[in-house]
Amino acid sequence: MATKQVLVIGGGVTGCAIAHDLTLRGVEVTVVERGELASGTTGRCSAFLHSGSRYAVTDPEAADECIAENQIMRKVMPSGMIEPDDGLFILLKGDDPAYADQWFQGCADAGITAKEISPAEVARREPLVTREISRAAITPDAVIEALRFALVFAATARVNGAHFLPYSEVQDFLMDADRVIGLKLKNRVTGELFELRGDAVINAAGPWVGEISSLIGIRIPLSMSPGVHVIIGKRLVNHTINLIRKPASGDFAYPQGPQTILGTTSWTVENCDHLRAPKEHITNTLRDGEVIIPSLRKYPVLSVNAATRPLIAKPGANERELSRKFEVFDHAEINGVESFVTIGGGKLTIARAMAEKTCDVVCKKLGVDAPCRTASTPMVSWRRFYVG
Ligand SMILES: Cc1cc2nc3c(=O)[nH]c(=O)nc-3n(C[C@H](O)[C@H](O)[C@H](O)COP(=O)(O)OP(=O)(O)OC[C@H]3O[C@@H](n4cnc5c(N)ncnc54)[C@H](O)[C@@H]3O)c2cc1C
């Protein structure tokens, strides 16, 4: 059987993880990305390797997925990719003690280690964090560097033969009746128009999946929900610090290299190009950050960024109530369009699992009988994306 060729739209962590998965199954892959790799949501997300504890009460399925992938990533990522500090969850004095009980139980149910420590131990580990704490726990949450995280998948895929075309914008589909047979693209550096053909096309364009699918009249039920981060120019904490509360705005602070990042907020937009961080989201994030680190204002704000979560929409639910789960849309089944699959929703932490589900669907369509091997295959350094 001739080698199957798949085109992947989007060079965020999802597209890169898909390329890695497919190359291991012997499929030829080309990833097209209109900017640089990870220039969309991936490069500007909080970059927690979630343990799932954040979702232990409100979204147990997401918690299960996160802890499973957290453990797999620790095995297959190259060393040095995951900062060694753990997560620290704190219950502020005055916050709901019953919620904390539910949270500890939720972690236990999901198999997430949440080791209770005393407020005195928090003070020893985190001198700048508030003393207004009644309970605290250490969890296997961690920080990664999002660009490098995506590049590890891309580098491994490239070493295994995948092609990456940055600055290549999808402008339309090539169709043969109801079958997608390729893409029409524009090179955003030279302006050149060109076409690529493939046996299947995967739409992994994050918050832009709806825009892509609308080119052939397909609507994806996606809610585009941006969030803001405020970056402080000094490392003030040693752990990723979350409040033991229902996930809400301004409930975490974490270290990244020499900086501290505060986040995040949420609202909805119709179009996530040219995203701006609303002023009140910045002031509210600083206000909420001060609750966790009271001396915060002594240090400079280096920058602010905003990125958009691609969330699966649910009628009547607000952004915080929408699950961080993902969905694979086989457009042959849903819309009668063959050889076209969209992956929507999800999180960076679970990109590998999202790729596995997507590639299972696509490989079945293509008659490729090869199991997913990404859960046990060690990946190469992100640097090899550039040096081979
Ligand atoms: C504020 C915020 C904080 C978050 N924090 C975390 C966290 O701590 N941990 C976690 O696990 N997850 C987190 N997430 C979620 C996570 O960032 C996303 O789920 C993930 O990065 C999405 O990756 P993606 O590859 O699907 O999308 P993207 O990274 O957006 O990639 C899609 C790509 O498609 C490209 N594209 C768009 N249109 C075209 C076109 N016409 N032609 C070619 N290419 C195109 C874009 O340029 C983009 O690079 C956060 C999200 C937000 C917004």
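Please read these numbers as outputs of a predicted model, since none were measured by experiment.

1. With respect to the domain arrangement of the protein
How large an interface is tends to be reported as the accessible area lost when its parts come together.
Move 1: What the domain assignment reports for the protein is domain 1 (5–42 + 147–221 + 324–387) and domain 2 (48–144 + 223–312).
Move 2: Between domain 1 and domain 2, the C-alpha centre-to-centre distance is 29 Å.
Move 3: Listed by contribution, the elements that provide at least two residues to the side of domain 1 that touches domain 2 are helix H5 (146–159), strand S19 (340–345) and helix H9 (351–366).
Move 4: By residue number, the principal contributor to the side of domain 1 that touches domain 2 is H5, which donates three residues.
Move 5: Per-class residue counts for the side of domain 1 that touches domain 2 are 11 nonpolar, seven polar and six charged.

2. Some words on the site of the ligand
Move 1: Taken together, 38 residues sit near the ligand, with Gly12, Gly40, Cys45, Gly206 and Gly227 positioned nearest.
Move 2: Of all the elements in the fold, those that place two or more residues in the shell around the ligand are helix H1 (13–24), strand S9 (168–176) and strand S17 (301–312).
Move 3: Counting residues per element, the shell around the ligand draws most heavily on S17, at four residues.
Move 4: Across the shell around the ligand, the residue classes break down as 15 nonpolar, 18 polar and five charged.
Move 5: Mapped onto the domain boundaries, the shell around the ligand takes at least three residues apiece from domain 1 (5–42 + 147–221 + 324–387) and domain 2 (48–144 + 223–312).

3. Quick word on the packing of helix H2 (residues 60–76) against helix H3 (residues 97–110)
Move 1: Direction vectors running N to C along H2 and H3 enclose 55°, while the axes themselves pass 9 Å from each other. Taken together, the axes of H2 and H3 are oblique relative to one another. Note on packing geometry: the crossing formed by H2 with H3 is right-handed. For the pair H2 and H3, the contacting residues are Pro60, Ala63, Asp64 and Ile67 in the first and Gly106, Asp109 and Ala110 in the second.
Move 2: Broken down by class, the residue content of the contact of H2 with H3 amounts to four nonpolar, one polar and two charged.

4. With respect to H1
The α-helix winds at 3.6 residues per turn, so residues separated by three or four positions along the chain end up facing the same way.
Move 1: Its 12 residues place the ends of H1 17 Å apart at the C-alpha level, agreeing with the 16 Å of an ideal helix rising 1.5 Å per residue.
Move 2: Among the 12 residues in H1, 10 count as buried, and that is most of the element.
Move 3: Buried within H1 we find Val13, Thr14, Gly15, Cys16, Ala17, Ile18, Ala19, His20, Asp21 and Leu22.
Move 4: Elements that come into contact with the buried residues of H1 comprise strand S1 (5–9), strand S2 (28–32), H5, strand S12 (200–203), S19 and H9.
Move 5: Two residues or fewer after H1 comes Gly26, characterised by a positive phi angle close to 80°.

5. Re the nonpolar core
Move 1: In this structure, Ala19, Ala154 and Ile202 are the most contacted members of the largest nonpolar core, which totals 114 residues.
Move 2: For this core, the element with the highest residue contribution is H5, accounting for nine residues.
Move 3: Split by domain, the residues of this core number at least three in each of domain 1 (5–42 + 147–221 + 324–387) and domain 2 (48–144 + 223–312).
Move 4: Not counting chain neighbours up to four residues away, the residues in contact with Ile202 comprise Val6, Val8, Ile9, Ile18, Val341, Ile343, Thr358 and Val362.

6. Re the sheet that holds strand S11 (residues 193–197)
Move 1: Read from one edge of the open sheet, three strands run S9-S10-S11, paired in antiparallel fashion. Two strands lie at the open edges of the sheet, namely S9 and S11, each paired on one side alone. Direction aside, neighbouring strands of the sheet carry axes that sit 30° apart on average.
Move 2: With eight bridges joining them, S9 and strand S10 (residues 179–187) adopt antiparallel strand pairing. When the bridges of S10 are listed, Phe173 appears paired with Leu183.

Calculation rules
- Residues numbered from 1 in each chain as written.
- Predicted model: local features only at pLDDT ≥ 70, side-chain atom pairs only at ≥ 80, totals over all residues.
- Domains from an automatic or database assignment.
- Helix = DSSP H or I, 4+ residues; strand = E, 2+ residues; numbered from the N terminus.
- Nonpolar A, V, L, I, M, F, W, Y, C, P; charged D, E, K, R; others polar.
- Near = placed C-beta within 6 Å.
- Axes fitted to C-alpha atoms, helices over the stretch in contact; angles between N-to-C directions.
- Parallel < 35°, antiparallel > 145°, perpendicular 65-115°, else oblique.
- Left-handed = near helix turned anticlockwise from the far one by under 90°.
- Contact = placed C-beta atoms within 7 Å.
- Expected span 1.5 Å × (residues − 1).
- Buried ≥ 20, exposed ≤ 12 C-beta atoms within 10 Å, placed from the backbone.
- Core = buried A, V, L, I, M, F, W, Y, C linked by C-beta atoms within 7 Å.
- Pairing = 2+ DSSP bridges.

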